[in-house]
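So you can see what is in the structure, the chains are spelled out below.
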Amino acid sequence: MKVYGDEMSASVARVLLCLHEKNTEFELVPVNLFACHHKLPPFLSMNPFGQVPALQDDDLTLFESRAITAYIAEKHRDKGTDLTRHENSKEAAIVKLWSEVEAHHFNPAIFAVIHQLIVVPLQGESPDAAIVEKNLEKLGKVLDVYEERLGKTKYLAGDTYTLADLHHVPYTYYFMKTSHAGLINDRPNVKAWWEDLCSRPAFLKVSPGLTVAPTTN
Amino acid sequence: MAGIKVFGHPASTATRRVLIALHEKNLDFEFVHIELKDGEHKKEPFTFRNPFGKVPAFEDGDLKLFESRAITQYIAHFYSDKGNQLVSLGSKAIAVIAMGIEIESHEFDPVGSKLVWEQVFKPLYGMTTDKTVVEEEEAKLAKVLDVYEHRLGESKYLASDHFTLVDLHTIPVIQYLLGTPTKKLFDERPHVSAWVADITSRPSAQKVL
């Protein structure tokens, strides 16, 4: 299996976390994001939307990090961590549900904040405070839902760690480097859940690659 | 099977996604109308079903779900032996479907939904369509449809040679856009145009209009 991307990309990290949870061998093929190689033809033939990561496994080429994690979790369903609850259709549906929540409710808000505080300065611009404020408010509301949910279950989809939790990890790690970490730390159930996610061996292997940091808060 | 309930609004694209999947599977279900204009979706008891206050919500016996694409995937897998096959077998085929679902969800739907909002729903609420937004979003949609055009030159449907959830998920937004000037973006691309005609003529798609 080859993963094309850069370790500092949160979307790439999602895939790397999954590979480590499954103890799967892989090769990381670097794509120079600062030189925009992901927007150029050789890479575009793997992902016409010009985004990392892409994955090659024999004759299969995939992109979209959450499709890649689903593939890895399914292909290696009998080893490593059970990330999908595949043996029980109803539990599997709940994993899918909270994975959709991450993709549609959590990620847009947290991504907007990270983009302003970390990526925009790298492009030589100033963060837009209005965008940050609006999305912190949205993120707070999502985290209120999580706080209540995590009062009932240990992880988002039930009592075991699944893709629904994993998909949150890379952007949350970057978010905790900003001055807004209180959104997580001030919610006891969310905080406990986050600390648990950070203690996993797979996370400890991937987090050293998540090297960008906010230059401004 | 008794016990399936959908809580939603018949005009909602996300609700229609679930209804189309149920029709593809010939499943019986009860439809519980949630009155969006009264804000019913933002209040209890609906928010017990979806704390994010969006339609649809879903029930099958003791299983309670929300998020339309989680619901359609549950329907496709749990009822895999009923009606039309909406997914494929084998890890690689499933992965290609998963990828197609992500693309529709992250690239097609946000843009398509904005165009539907501006051109279909705003006028219904007495608001004015913002032509600048329409122009910007059509430019983005054109790029996504170029990717689809290329893909549909290689394969009859987006993820396979048979109709799957990847095609199904696009239907509600496409149905609305066909009634707007944005229709031209589909008409201008021959493979996309043929695919649109095919998927929107399915009996399941016709039933939600």
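Every value quoted in this text rests on a predicted model; they were computed, and no experiment measured them.

Parameters at a glance
- Residues numbered from 1 in each chain as written.
- Chains lettered and ligands numbered in written order.
- Predicted model: local features only at pLDDT ≥ 70, side-chain atom pairs only at ≥ 80, totals over all residues.
- Heavy atoms only, no water.
- Patch = residues over 30% accessible without salt bridge, like charges linked within 9 Å, V, L, I, M, F, W, Y side chains within 5 Å.
- Areas by Shrake-Rupley, 256 points an atom, 1.4 Å probe, with all protein chains shown as cover.
- Salt bridge = Lys/Arg side-chain N within 4 Å of Asp/Glu carboxyl O.
- Helix = DSSP H or I, 4+ residues; strand = E, 2+ residues; numbered from the N terminus.
- Core = buried A, V, L, I, M, F, W, Y, C linked by side-chain atoms within 4.5 Å.
- Buried < 20%, exposed > 50% of the residue type's maximum accessible area, 1.4 Å probe, protein only.
- Contact = heavy atoms within 4.5 Å.
- Buried area = accessible area lost by both parts, 1.4 Å probe.
- Pairing = 2+ DSSP bridges.
- Right-handed = clockwise from strand over helix to strand, strands pointing away.
- UniProt positions renumbered as here; feature names shortened; annotations may be inferred.
- Lys, Arg positive; Asp, Glu negative; His and termini not counted.
- Charge placed at Lys NZ, Arg CZ, Asp CG, Glu CD.
- Axes fitted to C-alpha atoms, helices over the stretch in contact; angles between N-to-C directions.
- Parallel < 35°, antiparallel > 145°, perpendicular 65-115°, else oblique.
- Phe/Tyr/Trp six-rings, centres within 6.5 Å; stacked < 30°, edge-to-face > 60°.

Enquirer: Report on a nonpolar patch on the surface, specifying residues and quantitative values.
Expert: Taken together, the side chains of Trp117(B), Leu124(B), Tyr125(B) and Met127(B) make up a nonpolar region of the molecular surface, amounting to roughly 460 Å² of accessible area. Along the chain, Trp117(B) turns up in helix H4 (residues 91-124).

Enquirer: Tell me about the nonpolar core, residues and numbers included.
Expert: Trp98(A), Tyr146(A), Phe58(B), Ile75(B), Tyr148(B) and Trp195(B) are the most contacted members of the largest nonpolar core, which has 134 residues in total. Apart from residues no more than four positions distant in its own chain, Trp98(A) is found in contact with Val145(A), Tyr146(A), Arg149(A), Leu156(A), Ala157(A), Ala164(A), Phe52(B) and Phe66(B). In this structure, Phe7(B), Ile34(B), Val55(B) and Ala57(B) belong to the second largest nonpolar core, which totals 5 residues.

Enquirer: Requested: an account of the interface of chain B and chain A, with residues and values cited.
Expert: With 29 residues of chain B at the interface, the matching set in chain A holds 32 residues. Interface of chain B and chain A: buried area, both sides summed, is about 2700 Å²; carbon and sulfur atoms make up 71% of it. Of all residues in chain B, Phe52(B), Lys92(B) and Met99(B) bury the most surface against chain A, accounting for 22% of the area lost on that side. In this structure, the connection of chain B to chain A is made through 3 salt bridges.

Enquirer: Can you tell me about the pairing of strand S2 (residues 30-33) of chain B, naming the residues and giving the values?
Expert: All names here are of chain B. Bridge analysis of strand S1 (residues 4-8) against S2 gives 4 bridges, and the strand direction is parallel. Looking across to S2, one finds that Phe-7 is bridged to Val-32. Of the crossover connections in this fold, the one passing from S1 over helix H1 (residues 13-24) to the parallel S2 is right-handed.

Enquirer: Quick one: what's the story with the UniProt feature "domain: GST C-terminal" (unreviewed entry) in chain B, residue by residue and with numbers?
Expert: UniProt records the feature "domain: GST C-terminal" (unreviewed entry) at residues 90-209 of chain B, using the numbering of this structure. Annotated as residues 90-209 of chain B, this span is 75% helix and 0% strand, and its ends, taken at the C-alpha atoms, are 34 Å apart.

Enquirer: For a positive patch on the surface, give the residues involved together with the corresponding values.
Expert: A contiguous patch of positive charge, built from Lys134(A), Lys138(A), Lys42(B) and Lys54(B), is present on the exposed surface. With respect to the helices and strands, the residue Lys134(A) is situated in helix H5 (residues 129-149).

Enquirer: Quick rundown of the packing of H5(A) against helix H9 (residues 188-198) of chain A? Include the residues and the values.
Expert: Residue and element names in this part refer to chain A. Between H5 and H9, the least distance of the axes is 7 Å, while the angle of their chain directions is 80°. Of the possible angle classes, the one that applies to H5 and H9 is roughly perpendicular. Across the interface between the two elements, Leu-143, Tyr-146 and Glu-147 of H5 pack against Pro-188, Asn-189, Val-190 and Trp-193 of H9.

Enquirer: Tell me what's going on with the pattern of salt bridges, and back it up with residues and numbers.
Expert: Overall, the coordinates contain 28 salt bridges over all chains when judged by the stated rule. In this structure, the salt-bridge partner of Arg14(A) is Glu102(A), at a minimum N-O distance of 3.6 Å. One end of the pair, Arg14(A), is in helix H1 (residues 10-21); the other, Glu102(A), is in helix H4 (residues 89-122), with 88 residues separating them in the sequence. You can call Glu102(A) buried: its relative accessible area is 0%. The salt bridge involving Lys140(B) is made with Glu137(B); its shortest N-O contact spans 3.2 Å. Of this pair, Lys140(B) and Glu137(B) both sit in helix H5 (residues 131-154), 3 residues apart, roughly one helical turn. Take Lys140(B): its relative accessible area is 43%, and that puts it in the partly exposed class. Judged by relative accessible area, which is 4%, Glu137(B) ranks as buried.

Enquirer: A description of the packing of aromatic side chains should follow, citing residues and the corresponding values.
Expert: Counting across every chain of the model gives 20 aromatic pairs over all chains. Between Tyr173(A) and Tyr174(A), the aromatic rings sit 6.3 Å apart at their centres with planes inclined by 50°, giving tilted as the arrangement. Under the relative-accessibility criterion, Tyr174(A) is labelled buried at 3%. Ring geometry for Phe78(B) and Tyr79(B): centres 5.1 Å apart, planes at 85°, overall edge-to-face. Of the residues examined, Tyr79(B) reaches a relative accessible area of 2% and is grouped as buried. Members of the aromatic cluster, connected to one another through ring pairs, are Trp98(A), Phe106(A), Tyr146(A), Trp193(A), Phe52(B) and Phe66(B).

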